[in-house]
Structures are given as C-alpha cells and as structure tokens.
Amino acid sequence: MNACRPYVMLACMLSTAVSAADYATLVPSSCIHGMGEWGEEAVHECIRRDLPAAKDLESYPLSSQPVIERCIALAGRNGWVAIKECTDRALETR
C-alpha cells in the first residue's frame, strides 16, 4: 500500500464539505486506510484513539469551524487526535 494513499483518501473525504456532525463517521474509514496494512489490531487502536477526538470536535461551537478546517489541512494526516490538539491550541491563542 502506498504510504501517501491514506492521506489522499482523508483529504478527498474532507474536501466534500463535511459538516461538523460528520467527523466521527470518517474515523473508521480513515483508520482502515491508514492502518489496515498493520492489521486489525492497529485499526481498532486507531479507532479507539481517534473516535473520541472526532466526537469532541463535533461539539465545538460553529464559530470554531474555520479553525478546525485549518487544522484538518495542517494535521489531518496525523489523525483526529492531532487535529483536536491543533484546534485546541489555536482556540487558546484567540
């Protein structure tokens, strides 16, 4: 599997104007594409780690959406935990 492929997949999924309520639905497929070559256990660990972060982002106010989208572009290839951390840091400095 091409190492870049999961990131392209995530970018494609996110480029379709995903609403905040849809973040958690992206976690399983991004984990399968990003971690699938390392086996089922790695996919489950990815989902276990990223799902709570994606769900937390869904609860952020609508005014945070531009920050979340910027963090998806900057940190999306590292998973939803990294996106949430980026968003939290950016919102703290506002």
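Above this note sits the structure.
Calculation criteria
Residues numbered from 1 in each chain as written. Predicted model: local features only at pLDDT ≥ 70, side-chain atom pairs only at ≥ 80, totals over all residues. Heavy atoms only, no water. Helix = DSSP H or I, 4+ residues; strand = E, 2+ residues; numbered from the N terminus. Buried < 20%, exposed > 50% of the residue type's maximum accessible area, 1.4 Å probe, protein only. Contact = heavy atoms within 4.5 Å. Areas by Shrake-Rupley, 256 points an atom, 1.4 Å probe, with all protein chains shown as cover. Core = buried A, V, L, I, M, F, W, Y, C linked by side-chain atoms within 4.5 Å. Disulfide = S-S within 2.5 Å. Expected span 1.5 Å × (residues − 1). Bend = angle between axes of the 7 residues up to and from the residue. Axes fitted to C-alpha atoms, helices over the stretch in contact; angles between N-to-C directions. Parallel < 35°, antiparallel > 145°, perpendicular 65-115°, else oblique. Left-handed = near helix turned anticlockwise from the far one by under 90°. Nonpolar A, V, L, I, M, F, W, Y, C, P; charged D, E, K, R; others polar.

1. Some points on the overall build of the chain
Helix and strand counts for the chain stand at five helices and zero strands. Listing each helix as α and each strand as β along the chain from the N terminus yields α-α-α-α-α. Out of the 94 residues in the chain, the part that is buried amounts to 39%. Contacts in the chain between residues at least 24 apart in sequence constitute 60% of all its contacts with a sequence separation of at least 6. Summed over all atoms, the accessible surface of the chain reaches about 5700 Å², with 57% contributed by carbon and sulfur.

2. Re the nonpolar core
Formed by 21 residues in total, the largest nonpolar core has its most connected members in Tyr 23, Ala 54, Leu 57, Ile 68, Ile 72, Trp 80 and Ile 83. Of all the secondary-structure elements, those providing two or more residues to this core are helix 2 (23-35), helix 3 (40-58), helix 4 (65-75) and helix 5 (80-92).

3. Re the state of the cysteines
Counted by the stated rule, this structure contains two disulfides. What pairs with Cys 71 in a disulfide is Cys 86, and their sulfur atoms sit 2.1 Å apart. Disulfide Cys 71 to Cys 86: torsion about the S-S bond roughly -70 degrees, handedness left-handed. Highlighted residues: Cys 71 in helix 4 and Cys 86 in helix 5, separated in sequence by 15 residues. Of the residues examined, Cys 71 reaches a relative accessible area of 0% and is grouped as buried. Taking only the cysteines that form disulfides and numbering them from first to last, the chain has the pattern 1-2, 3-4.

4. Side note on helix 3
With 19 residues, helix 3 ought to run about 27 Å at 1.5 Å a step, and its terminal C-alpha atoms sit 26 Å apart, in line with that. The largest bend in helix 3 is about 30 degrees, located at Asp 50, with the proline Pro 52 one to four residues further on. Residues Ala 42, Val 43, Cys 46, Asp 50, Ala 53, Ala 54 and Leu 57 constitute the buried set of helix 3. Looking at the buried side of helix 3, the elements it contacts are helix 2, helix 4 and helix 5.

5. Points about the packing of helix 4 against helix 5
Helix 5 packs onto helix 4 with a crossing angle of 130 degrees between their chain directions and a minimal axis gap of 8 Å. Here helix 5 runs oblique to helix 4, going by the angle between their axes. Regarding helix 4 and helix 5, the two cross each other, and that crossing is right-handed. Touching Val 67, Ile 68, Arg 70, Cys 71, Ile 72 and Ala 75 of helix 4 are Trp 80, Ala 82, Ile 83, Cys 86, Thr 87, Ala 90 and Leu 91, all from helix 5. Classifying every residue of the contact of helix 4 with helix 5 by side-chain character gives 11 nonpolar, one polar and one charged.

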